[in-house]
Amino acid sequence: MAEHGTDEPSSSTGSPDGEGRDSGDRLLLHQRLAVRELIDTETSYLHMLQLCASDIRSRLQQLPQGDLDVLFSNIDDVIEVNSKFLHDLQETASREDEQVHSIGNLFLEFQEELERVYKVYCASYDQALLLVETYRKEPELQREIQGIIEAVVPQAGPSGLSFLLVIPLQRITKYPLLLQKILENTDPDASAYPVLQRAASALQDVNANINEYKRRKEVASKYTKVGQLTLRERLARINTHTLSKKTTRLSQLLKQEAGLVPRTEDKEFDYLEERLHWVSLCVTETKNNVAVYLANLEAFLRFRPQESELDIPGGPVVQYCSLMGDLQLQAFPDFKQRLEGLVWQPLCSLAKALSGPQNLVRKRLDKLLDFERVEEKLLEVGSVTYEEQEARHTYQALNSLLVAELPQLNQLAMRWLGQILHTFVDLQRDLAKQVLQRAEGSLAQLPHHHLSEPAFRKLVEDVLGQTGHQLRSFQENFEKVLPPPTVQPVLPGAERQVQVLLSRYGPEKLYQVTSNISGAGTLDLTLLRGQIVALLQNKDTKGNSSRWLVDTGGHRGYVPAGKLELYRVIPGQEEVKEQVQPPKDSHHLTSEPSPAPVPSVPTVTQVVAVYPFVARSSHEVSLQAGQLVTVLEAQDKKGNPEWSLVEVNGQRGYVPSSFLARAPSPAPWGWSLPS
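So, here is what we can say about the structure in this document. Computed from a prediction, not measured in an experiment: that's the story for all the values here. (Residues numbered from 1 in each chain as written. Predicted model: local features only at pLDDT ≥ 70, side-chain atom pairs only at ≥ 80, totals over all residues. Heavy atoms only, no water.)

In this section: the packing of aromatic side chains. Evaluated as defined, the whole model comprises twelve aromatic pairs. A centroid spacing of 6.4 Å and a plane angle of 70 degrees characterise the contact between Tyr-293 and Phe-335, whose relative ring orientation is edge-to-face. Here the residue Tyr-293 occupies a position in helix H14 (residues 267-302), and Phe-335 occupies one in helix H15 (residues 315-381), the gap between them amounting to 42 residues. Consider the rings of Phe-371 and Tyr-395, whose centres lie 4.7 Å apart with planes at 35 degrees: the pair is tilted. Of the two residues, Phe-371 is situated in helix H15 and Tyr-395 in helix H16 (residues 386-438); the sequence distance between them amounts to 24 residues. Taken together, Phe-85, Phe-107, Phe-110 and Tyr-175 form an aromatic cluster joined through their ring pairs. Against the face of Tyr-213 rests Lys-119, its NZ or CZ located 4.8 Å from the ring centre. When the ring centre of Phe-269 is taken as origin, the NZ or CZ atom of Arg-364, which lies over that ring, is 3.6 Å away. (Phe/Tyr/Trp six-rings, centres within 6.5 Å; stacked < 30°, edge-to-face > 60°. Helix = DSSP H or I, 4+ residues; strand = E, 2+ residues; numbered from the N terminus. Lys NZ or Arg CZ within 6 Å of the ring centre and 35° of its normal.)

Next up, the structure:
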């Protein structure tokens, strides 16, 4: 009986039910081991990251900060995400029955955060390896780095930095394998099985997205480097292949401009590109203004009247010299130094940071032309070469990268520029406060120092109101004898070109440039103020009505619509032209219709400049509004009365006759501050 009893369990173990239970137990055991491996390796991994971020990075102070930023990239963000992930992962151990199910949901919950931080780290990994290679070329520096790493992480061995930098890449690629191992040891009928399947698939997608992002960054890096080449290096790159590509692109672009083939529209990208253009324009204008401001400040600091011998007796002069000496020795130089460090240098850095994205936008246009040509061929033939397929992928990668990152770039650049402007205002406020503090003793010498601030403000407003009234009276007297205002006349010698445009397009299509235009784009024109153009189309190929297609008589291109004004024929001026040339070429164009002819000015007459005029050649002379002018001849050498030979401040040259008028004789006037 006893022997039979002892043999009974062995017989039950060999039964199918017994084998099923053993198989289930083994599966559960392996599943728990896989979960334990996930948690233990995550703990070790996070500990290694913290050693890199705290101990190793802090000891590598002999490296430039820029190198450290590249080497360790966004490791702090990685630590933050993985710390939260490990904390939640360890908490799943308290729910042993649902632990596997919770782990699957946890990976799904952290999918986006893991992709966000790891794609940045992985994209900068290759650049970090290049730095490591440069350190190996300096034996002394390499020994220092290796000594620090071996002291903190002995298991790194001779690989040193390379061993540490690759750890995050290995970890993100291992997550799908760890999940797959847990999945293989989970009963397919269990509720956790589909959750683990989705988690494993999600982590595979994360790795695929990281690889795609890394590829896009490599494409962007390639074209950013090309933008930094010298002229000689660019010329060295020119060969038959590049010339063929550029010719094909130009042909595709001309076809689109002529309307022969459609242009690929991407409203989202067009909006982002326009935003980037305006941000870059704001940065450039601000940088130019600050450069002028610094130049003026430098000139101001060189001018030191307090060091001159002023033949003015009295205490105020001594006080003034003392105050200005104090300000120019300390307050103003300190202000200039802070302005250069806190405003000018950040502005230059911002402008440099925007140059790369701007170059990528230009490269995108080239790649878009390649893409459109390949798409046409694909529709016609049904197949493309490997090189053409690669061109399609390059455009798609570049476009996706720009669409994804331009919104953040535009926002960051505007915030950066805003901080710079706030800093500039704060520096100005601090300077004013310092000057007022230092000049507190000298303020008592002012005639109105006894007035309160509201009373002084009222006094200034009254004086400004009085002088404003006098200026308006002077303006009204002037306007009684002024001809109607006109736009800058036709450029000297351009009459023949205007007649060609007139005969080709008619007067209703002619426009005049109201201010100088500097073309920035590929098909944009550079024009001078006063130049006449013919309108071809009142919008560009994107439907933008602020850019017009015009013909100058020699070139065609786009110009801003806001800098053009309609030009019309004045019948009264045709008679003036007939005296000089045959009737067929007797049309004169101006921007405003007027029944009155161009006012003639007697020879050797003292007149007044009504409008400012900027000389555009050595044959012309500049004018300021209200400036006294001596007219030497009331016409040019061809007998054209539209231009007068004048003398201003000892300089002779031609100016538009319509910009001159006899001065009125108002009653004497003037103003003075009340005592």
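With that settled, the discussion passes to the packing of helix H4 (residues 75-91) against helix H6 (residues 111-123). Packed helices, taken two at a time, are described by their axes: the angle between them and the distance between them. Viewed as axis vectors pointing N to C, H4 and H6 meet at an angle of 155 degrees, and their least axial separation amounts to 9 Å. By the angle class used here, H4 and H6 are roughly antiparallel. As H4 runs across H6, the sense of the crossing is left-handed. Residue-level inspection shows Asp-77, Val-78, Val-81, Asn-82 and Lys-84 of H4 in contact with H6, the latter providing Glu-113, Leu-114, Arg-116, Val-117 and Tyr-118. Along the lines of polarity and charge, the residues of the contact of H4 with H6 split into five nonpolar, one polar and four charged. (Axes fitted to C-alpha atoms, helices over the stretch in contact; angles between N-to-C directions. Parallel < 35°, antiparallel > 145°, perpendicular 65-115°, else oblique. Left-handed = near helix turned anticlockwise from the far one by under 90°. Contact = heavy atoms within 4.5 Å. Nonpolar A, V, L, I, M, F, W, Y, C, P; charged D, E, K, R; others polar.)

Next up on the list: the packing of H4 against helix H5 (residues 99-109). One can describe the packing of H4 onto H5 by two numbers: an axis separation of 10 Å at closest approach and a directional angle of 165 degrees. The orientation of H4 with respect to H5, classified from their angle, is roughly antiparallel. The interaxial crossing formed by H4 with H5 has right-handed handedness. When H4 is examined against H5, the residues Phe-85, Asp-88 and Leu-89 are found in contact with a partner set consisting of Ile-103, Leu-106 and Phe-107. A breakdown of the residues in the contact of H4 with H5 according to their chemical character gives five nonpolar, no polar and one charged.

Quick look at the nonpolar core now. Counting residues in each nonpolar core, the largest one holds 67 residues, and the members touching the most others are Ile-56, Leu-71 and Phe-107. Broken down by element, the residue count for this core peaks at twelve residues, all from helix H2 (residues 16-59). Setting aside anything within four residues of it in sequence, one finds Ile-56 in contact with Leu-51, Phe-72, Ile-149, Val-152, Val-153 and Leu-164. Within the second largest apolar cluster, 33 residues are counted, among which are Leu-276, Leu-294, Leu-301 and Leu-402. (Core = buried A, V, L, I, M, F, W, Y, C linked by side-chain atoms within 4.5 Å. Buried < 20%, exposed > 50% of the residue type's maximum accessible area, 1.4 Å probe, protein only.)

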